[in-house]
Amino acid sequence: MGTLTSTGLSLPLRRLADATRTDVLFLAAYILIKPVYLWSSGLPQISDLVLLLYLPFVVMRILPGFKYFQPLLYFVVWSMVVNALWFGYSYDDTFILPVFYIAYNAIVFLFFFFVASQGPAERRLLSVALAVSLVLQLGYALAVGGDSRQSGSFNDPNQLCYWVALTCGMFLICRDACRRLGLLDVAILLASIFLGVLSVSRSGLASILLVTAPVLFCWANRNKLVAMMLLVVLIGLTVLFMNDLTAMLARMSSLDLIRSRTDAMRQGGGATEWEVRGYARMVEYWHYMLIGAGEGGYRRFTMADIALEVHSTFGGVLFNFGIVGLSLVLYFLGKIYASAETQYRAMLLAPIIYGFFQNGFRFSFFWGFLAVLAASGPKGMARSRVIRTRAKPGWQVPMSTGRTFP
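The structure displayed is predicted, hence computed values, not measured ones. Throughout, a residue's number is its position along its own chain's written sequence, starting from 1. Residues qualify for local features only when their pLDDT is at least 70, as the model is predicted, and side-chain atom pairs are given and counted only at 80 or more; totals for whole chains, interfaces and linings, by contrast, use all residues. For the side-chain quantities, the full set of heavy atoms in the structure was used; hydrogens and water were omitted.

(A) Quick peek at empty space enclosed by the protein. The definitions used throughout rest on a 1 Å grid laid over the protein atoms alone, on which a cavity is an enclosed set of points accommodating a 1.4 Å probe that cannot get out and a pocket is an open set flanked by protein within 12 Å on both sides along at least five of seven lines; lining residues are those having an atom within 4 Å of a point. Grid points are joined across faces, edges and corners, and a volume is the space filled by probe spheres set on the points. Per the counting criterion, the structure on display carries three cavities of 30 Å³ or more. Its volume calculated, the largest cavity comes out at about 90 Å³. Lining the largest cavity we find 13 residues, and of these Glu295, Glu309, Asn320, Asn359 and Phe361 sit closest to its centre. Throughout, the ten residues Ala, Val, Leu, Ile, Met, Phe, Trp, Tyr, Cys and Pro are labelled nonpolar, Asp, Glu, Lys and Arg are labelled charged, and all others, Gly among them, are labelled polar. For the lining of the largest cavity, the per-class residue count stands at five nonpolar, five polar and three charged. Size it by volume and the second largest cavity reaches roughly 50 Å³. In terms of lining residues, the second largest cavity is bounded by Pro71, Leu72, Phe75, Leu328, Val329, Phe332, Leu333, Phe361, Phe366, Trp367 and Leu370. If you list the elements that add at least two residues to the lining of the second largest cavity, you get helix H3 (70-90), helix H14 (313-339) and helix H16 (364-375). Tallied by class, the residues present in the lining of the second largest cavity amount to eleven nonpolar, no polar and no charged. Secondary structure elements follow DSSP: runs of H or I no shorter than four residues count as helices, runs of E no shorter than two count as strands, and numbering proceeds from the N terminus.

Next up, the structure:
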């Protein structure tokens with residue numbers, strides 16, 4: 001068994017390989033069970049509990065990543081300060097849990113970045129887990145069927161479509177589909193689009209198209225034949241499922257279904273959709289956006305029985321954590337863009353566009369997607385090497401980004 005001494009450390013290679021393989025396998029397991037929702041939205045799911053059990057074994061190795069994503073660290077600290085101030089003022093315990101979500105998602109980001117930066121072998125295993133998860137979700141959606149919007153194993157169709165967009169994006173990046181487009185890549189791409197159509201989520205479907213567009217653009221420029229084949233397959237699938245899709249869309253546009261969705265949004269005793277979705281409070285209570293109203297205590301801003309968060313990622317960050325919080329998030333996204341591979345940078349538009357109409361900020365896969373995107377470029381790989389070099393001696397991982405599993 002050899003040793004690694006290039007950084008002045010004498011470390012057993014076999015021990016390091018086993019540790020890294022465990023990291024990747026746990027992350028792959030998290031990816032596979034992420035779509036399993038046992039409890040209502042907003043609560044930790046079984047995948048989060050599994051990851052939390054493993055984090056003590058990896059957290060000391062991934063925390064140095066904050067050095068290269070300082071805006072994320074500052075945002076975590078700022079959110080804690082804002083929520084702590086509002087909790088001290090109101091003694092409303094709804095301000096407590098959101099802080100843990102934010103800190104947890106920051107750790108999820110660092111873990112995804114840590115693993116995705118390791119090398120081709122690690123990214124290949126992640127891509128397998130992502131592909132299997134998408135195929136299982138498609139099979140479940142087709143098996144369950146239904147007359148209205150598909151939500152798969154998630155609690156609502158928007159969640160399904162958002163998850164599909166982020167999963168498909170991570171898969172294409174891990175497979176480096178802009179350079180090597182295989183049959184598996186095409187199959188997963190088409191399955192993602194089809195799942196998006198089944199969900200009938202406009203913002204989610206737009207996100208799916210935005211994560212697939214860079215890959216299609218690369219191959220349309222490089223190989224006209226491949227582009228034509230993809231177009232033929234898309235048209236063929238559309239024709240094949242035209243009857244089912246037409247019937248489903250017709251049912252979606254029926255007056256009864258529209259009335260039921262309207263009634264669902266008015267369940268707050270006469271509250272309008274504008275109020276229930278939280279947009280009204282951004283106008284009526286604009287002064288809270290200076291330092292932030294905190295994430296929680298939503299009943300301060302509604303006269304109805306329902307008190308929900310702002311239905312927008314960026315609107316929610318601005319209202320909850322103020323101008324400072326939004327500035328830190330935008331700065332962090334700028335760091336992600338700069339670190340990403342040039343060919344994949346346009347994928348960042350997917351969660352941004354979705355975030356204008358839905359709040360996907362707390363969704364853990366959003367942070368995983370950002371991490372994989374950041375790790376795709378040469379800057380991401382270089383940062384990961386420094387992070388692994390500076391890790392504590394008792395928590396070392398391989399220094400080579402091109403290693404394969406034994």
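Picking up after the structure, the text goes on.
(B) Spatial organisation of unusual backbone geometry. Phi angles above zero are rare outside glycine, and Tyr91 is one such case at about 55 degrees. Along the polypeptide, Tyr91 turns up in the loop between H3 and helix H4 (97-116).

(C) Geometry of the layout of surface pockets. Looking at the second largest pocket, its volume works out to about 350 Å³. Looking at the second largest pocket, it is lined by 17 residues, and the ones nearest its centre are Arg123, Cys174, Arg175, Asp176 and Arg180. Elements with a contribution of two residues or more to the lining of the second largest pocket: helix H5 (120-144), helix H6 (157-174) and helix H17 (378-390). Among the elements that take part in the lining of the second largest pocket, H5 stands out by supplying three residues, more than any other. Among the residues forming the lining of the second largest pocket, the class breakdown is seven nonpolar, two polar and eight charged.

(D) Summary view of the pattern of salt bridges. Definition used for salt bridges: Asp or Glu carboxyl oxygen within 4 Å of a side-chain nitrogen of Lys or Arg. Using the criterion set out here, one finds six salt bridges in the structure. Measuring nitrogen to oxygen at the nearest pair gives 3.1 Å for the salt bridge that ties Asp176 to Arg179. Only protein chains enter the accessibility calculation, which uses a 1.4 Å probe; a residue is then buried when its area is under 20% of its type maximum, exposed when over 50%, and partly exposed in between. Given a relative accessible area of 15%, Asp176 falls into the buried group. Of the charged contacts, one joins Arg179 and Glu341 as a salt bridge, the two residues approaching to 3.0 Å between their closest N and O atoms. Of this pair, Arg179 sits in the loop between H6 and helix H7 (183-199) while Glu341 is found in the loop between H14 and helix H15 (349-357), placing the two residues 162 residues apart along the sequence.

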